[in-house]
Amino acid sequence: MTISSNLIPELLADAPRPLINAQAEIIFAEDQLLYHYRGKKGEHQYKVISPSAVKLAFDHQEEDSGWLSSNVVRLGKMGDRHWLIQVHPPQRYTLTLLLDSQFRPVVQERVTLTIPLPGFVLFAIEAQVYLWAIKQSFEPTISLYQPPLPNAASNGLLCFGQNEKPFANSQTIDRIWQTWWEGLFNSHQTNGKSKQSEDIRWQLWKIANSTKRKYPLNDLCPCTWKTCDEACHAILNHSPHSWQL
């Protein structure tokens, strides 16, 4: 695309421009957008416009989220960053733990357990995935708890290790969820997840080898953020650099 030589001097001028060669301009003034144009009689006109109006005017491409998972309760986009929230009810999961000598008289051993776990809220944005445990049916103001699992930070940020996962969007979120459960849960970030055991792996081992049909909710430990609303607001309003572990 070439710019007319007559237009270049006007583009380099300070706003508001005379609009001799240009038809109109958008001026960013603090937290407002001003649409500057010339009226039918050549007079300068200014109109306050919303960001959504600008997006509608310039975005002529159709968007289609595709078929959404039944667990998705909310999704959005910030610039080119997609984010989604899923809710998963309490159910039994099969996971593989890497155990050490405190569990068995061997240095390391992989053990596959099938265990009842609480309900979860999954928040994914770009390459970052958060997981929070909940005690009741989901609502935006519901209290959050740390997932009773290894490899999760106190704020719920998950570490996938060497397992590759795609960036989050409506078509990849189920694959991300599956990748998490297919990974190997090791000794990383195992403390502070249970009121009964210093190492959450020991708590999972005991529950898997008991007759419990539900995860003991009174054993869950509070998350960094109190509610889902608070967590989502904090994540979406922080810079990408703060998402790292």
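None of these values were measured; they are calculated from a predicted model.

## Let's talk about the overall build of the protein chain
Helix and strand counts for the protein chain stand at five helices and twelve strands. The buried share of the protein chain, taken over its 245 residues, is 41%. Counting contacts in the protein chain only where the partners sit at least 6 residues apart, residues at least 24 apart contribute 55% of the total. Carbon together with sulfur atoms contributes 51% to the accessible area of the protein chain, which is approximately 15,200 Å² in total.

## Quick notes on the pairing of strand β6 (residues 91-99)
Bridging between β6 and strand β7 (residues 109-117) involves nine bridges; their strand directions are antiparallel. The partner of Leu-98 across the bridge, within β7, is Arg-110. In this structure, β6 lies alongside strand β11 (residues 184-185), joined through two bridges in parallel fashion. Bridge assignment links Leu-97 to a residue of β11, and that residue is Phe-185.

## A few points about the packing of aromatic side chains
Per the counting criterion, the structure on display carries 16 aromatic pairs. Ring geometry for Phe-123 versus Trp-132: centroids 6.3 Å apart, planes at 45°, classification tilted. In this structure, Phe-123 and Trp-132 share a single accessibility class: buried. Pairwise contacts between aromatic rings join Tyr-93, Phe-120, Phe-160, Trp-177, Trp-180, Trp-181 and Phe-185 into one cluster. The ring of Phe-160 has Lys-165 sitting right over it, with the charged end atom 4.6 Å from the ring centre.

## A look at the pattern of salt bridges
With the rule as written, the count across this model stands at two salt bridges. For Glu-25, the salt bridge identified is with Arg-17, shortest N-O distance 2.6 Å. Judged by relative accessible area, Glu-25 falls into the buried class, the value being 10%. Measuring nitrogen to oxygen at the nearest pair gives 2.8 Å for the salt bridge that ties Arg-201 to Asp-199. A relative accessible area of 2% means that Arg-201 is categorised as buried. Residue Asp-199 is classed as buried on the basis of its relative accessible area, which comes to 10%.

## As for the pairing of strand β2 (residues 32-38)
The pairing of strand β1 (residues 24-29) with β2 spans six bridges and is antiparallel. Across the sheet, the residue bridging to Ala-29 is Gln-32, located in β2. Between the end of β1 and the start of β2, which pair antiparallel, lie two residues, with Glu-30 showing a positive phi angle near 55°. Note that β2 and strand β3 (residues 44-49) share six bridges and pair antiparallel. Paired with Leu-34 across the two strands is Val-48, which belongs to β3. Counted between consecutive antiparallel strands, the loop separating β2 from β3 contains five residues, among which Gly-42 sits at a positive phi close to 90°.

## Remarks on the sheet that holds β1
The sheet built from three strands is open, its strands ordered β1-β2-β3 with antiparallel pairing. Taken across any chain shown, the strands that pair with only one partner, and hence form the sheet edges, are β1 and β3. Strand-to-strand, the axes of this sheet are offset by a mean angle of 25°, without reference to chain direction.

## What to know about the confidence of the model for the protein chain
For the protein chain, per-residue confidence averages 86 on the pLDDT scale, and 89% of positions sit at 70 or higher. Low confidence marks residues 239-245, where pLDDT is under 50. Its contacts with residues over four positions away, or in another chain, come to 15 contacts.

Cut-off values and rules
- One numbering rule holds for all chains: residues counted from 1, following each sequence as written.
- Reporting of local features is limited, given that this is a predicted model, to residues whose pLDDT is at least 70; pairs of side-chain atoms are given and counted only at 80 or more, and all residues count toward the totals for whole chains, interfaces and linings.
- Each side-chain value is worked out from all heavy atoms of the structure, with water and hydrogens disregarded.
- Under the scheme used here, helices are H or I runs from DSSP no shorter than 4 residues and strands are E runs no shorter than 2 residues, and both carry numbers assigned from the N terminus.
- The buried label applies to any residue whose accessible area, calculated with a 1.4 Å probe on protein chains only, is under 20% of its type's maximum; exposed applies above 50%, and partly exposed to all values in between.
- By the convention used here, residues are in contact when the closest approach between their heavy atoms is within 4.5 Å.
- Residue exposure ignores everything except the shown protein chains as possible cover, and the areas themselves are Shrake-Rupley values with a 1.4 Å probe.
- Any two strands between which DSSP finds at least two bridges are classified as paired.
- Note on ring pairs: Phe, Tyr and Trp rings are taken, using the six-membered ring of Trp, and paired if centres are within 6.5 Å. Classes follow the plane angle, with under 30 degrees stacked, over 60 edge-to-face and the rest tilted.
- Only when the NZ atom of a Lys or the CZ atom of an Arg is both within 6 Å of the ring centre and within 35 degrees of the ring normal do we say a charge sits over the ring.
- Salt bridge, as used here: a side-chain nitrogen of Lys or Arg that lies within 4 Å of a carboxyl oxygen of Asp or Glu.
- The axes used here are C-alpha line fits, helices contributing only the stretch in contact, and every angle between their N-to-C directions lies in the interval 0 to 180 degrees.
- One confidence number per residue, pLDDT, is output by the predictor and ranges from 0 to 100.

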